[in-house]
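Read off the chains here:
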Amino acid sequence: MTLRAGIFGYPLGHSISPAFQQAAFDHLGIDAIYEAWETPPEKLGHAVASLRSGDFMGANVTVPHKQAVQQHLDTIEPLAASIGAVNTIVRDDSQLVGHNTDAYGFIQSLKREAKFEPTGKRVVLIGSGGAARAAAYGLAQEDIGSLVIANRTLGNAVMLAEEMSNQMTDVRASSLESESLESHCAVADLIVNTTSIGMLHGPAEGQSPILEEFIPGDCLVYDIVYNPEVTPLLKAARRPGAQTLGGLPMLVYQGAAAFELWTGQPAPIEIMFTAAKKALES
Ligand code: ATR
């Protein structure tokens, strides 16, 4: 019996998940296929329901379905419920359980790829959308020292900061241009971009979310955008000598966590990295 998994998204042309998930199944000799299921919003409910039968292990969920998919599931894990987004569905008999492995992927990349230990650190987080929420909850679980949430629309940053103040004591909101953001960046240990600014073919291609002058040379700058590999933000960060981390590790680690939930086996992380890089290059 060939098991099945796949990814729901719309559009899906850019997804490299099929390449690295299939490589992991093949490497471990698991008889499974991983498919790209391009699903428009009006067909999501029907598509998710089809996971309840047959040989499905579960699925990944990406833009724009991470919030809407929740109404089609039986249970949402507590972390995913707090973040308000599901990126992984696990089938347990006929039950569908929603997980969020983005927070895990975000933190594992910091620790394993950048050798950055978040506990006690001062963090500036750019963005207030779904990716920012996953990063903020992941950082809160690691007991960071302080969090500044900076966003184009200040009101969205204020709302997320208020919510995160239930998880940590030192959290505040900022606009992207303010002088106070410059002073927060000056003492930051970690600056993270969770917006799509700088993404290849995106509406803000070629742009950096913050001014280069804001970036100190002694911090880590982490951009969750993975294409291009070196975004305008990371380019800017390298000039004063800051350490940089791109978005590919987060993508691979969130996928590895999903793989482990479906199969119960440790994910072959190096195999997944190699396949992801190859897929991205082509
Ligand atoms: P995701 O779920 O991928 O995080 P999202 O929920 O649409 O996507 O959130 C996008 C985030 O990127 C928001 O913080 C958004 O800022 P606003 O709250 O002001 O909308 C930010 N963002 C997207 N494009 C941007 C741009 N061109 N300039 C500045 N911020 C941008």
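What you see is a predicted model, and the numbers here were worked out from it, not measured in a lab.

### Looking at the pattern of salt bridges
Okay, step 1: The full count for this structure, using the stated rule, is eight salt bridges.
Okay, step 2: Across the pair Glu 35 and Arg 4 runs a salt bridge, and its minimum N-O distance is 2.9 Å. Residue Glu 35 is located in strand 2 (residues 32-38), and its partner Arg 4 is located in strand 1 (residues 3-9); the two are separated by 31 residues in the primary sequence.
Okay, step 3: Looking at Glu 35, the relative accessible area reads 23%, which means it is partly exposed.
Okay, step 4: Exposure remark for Arg 4: the relative accessible area of 29% places this residue in the partly exposed category.

### Focus: the domain arrangement of the chain
Okay, step 1: Domain annotation for the chain reports domain 1 (3-100 + 249-281) and domain 2 (103-246).
Okay, step 2: Taking only C-alpha atoms, the centre of domain 1 and the centre of domain 2 are 25 Å apart.
Okay, step 3: At the junction of the two partners, domain 1 supplies 15 residues and domain 2 supplies 20 residues.
Okay, step 4: Contact with domain 2 buries area across many residues of domain 1, yet Ile 83, Met 250 and Tyr 253 alone supply 44% of it, more than any other trio.
Okay, step 5: Linking domain 1 with domain 2 are zero salt bridges, by the criterion used here.
Okay, step 6: Between the two partners, domain 1 and domain 2, sit five residue pairs in polar contact (both at pLDDT 80 or more).
Okay, step 7: Every element with two or more residues in the side of domain 1 that touches domain 2 is listed here: helix 3 (78-83), helix 9 (248-263) and helix 10 (269-281).
Okay, step 8: The element contributing the most residues to the side of domain 1 that touches domain 2 is helix 9, with six residues.
Okay, step 9: Looking at the side of domain 1 that touches domain 2 residue by residue, the class counts come to ten nonpolar, five polar and no charged.

### Here's the deal with the pairing of strand 11 (residues 220-223)
Side-chain direction in a regular strand flips from residue to residue, so the side chains alternate between the two faces of the sheet.
Okay, step 1: Where burial is concerned, the two faces of strand 11 agree: the one with Leu 220 and Tyr 222 and the one with Val 221 and Asp 223 are both buried.
Okay, step 2: Direction of pairing for strand 10 (residues 190-193) relative to strand 11: parallel, over a ladder of four bridges. By the bridge assignment, Leu 190 is partnered in strand 11 with Leu 220.
Okay, step 3: Pairing of strand 11 with strand 12 (residues 243-245), which is carried by three bridges, proceeds in the parallel orientation. Bridged to Leu 220 within strand 12 is Gln 243.
Okay, step 4: Of the crossover connections in this fold, the one passing from strand 11 over helix 8 (residues 232-238) to the parallel strand 12 is right-handed.

### Things to note about the sheet that holds strand 12
Okay, step 1: The strand order across the open sheet formed by six strands is 9-8-7-10-11-12, and the pairing between neighbours is parallel. Where the open sheet ends on each side, the last strands, each with one partner, are strand 9 (171-175) and strand 12. Sheet twist, expressed as the mean angle between neighbouring strand axes with direction ignored, is 20 degrees.
Okay, step 2: Across five bridges, the pairing between strand 7 (residues 122-126) and strand 8 (residues 146-151) is parallel. Within the sheet, the bridge partner assigned to Val 123 lies in strand 8 and is Leu 147.
Okay, step 3: Strand contacts of helix 7 (residues 179-186): strand 7, strand 8, strand 9 and strand 10, with the helix running at about 130 degrees to strand 9, the strand carrying the most contacts.

What counts, and where the lines are drawn
Residues numbered from 1 in each chain as written. Predicted model: local features only at pLDDT ≥ 70, side-chain atom pairs only at ≥ 80, totals over all residues. Heavy atoms only, no water. Salt bridge = Lys/Arg side-chain N within 4 Å of Asp/Glu carboxyl O. Helix = DSSP H or I, 4+ residues; strand = E, 2+ residues; numbered from the N terminus. Buried < 20%, exposed > 50% of the residue type's maximum accessible area, 1.4 Å probe, protein only. Domains from an automatic or database assignment. Contact = heavy atoms within 4.5 Å. Buried area = accessible area lost by both parts, 1.4 Å probe. Polar contact = N/O pair within 3.5 Å; in protein donor to acceptor, adjacent residues only side chain to side chain. Nonpolar A, V, L, I, M, F, W, Y, C, P; charged D, E, K, R; others polar. Pairing = 2+ DSSP bridges. Right-handed = clockwise from strand over helix to strand, strands pointing away. Axes fitted to C-alpha atoms, helices over the stretch in contact; angles between N-to-C directions.

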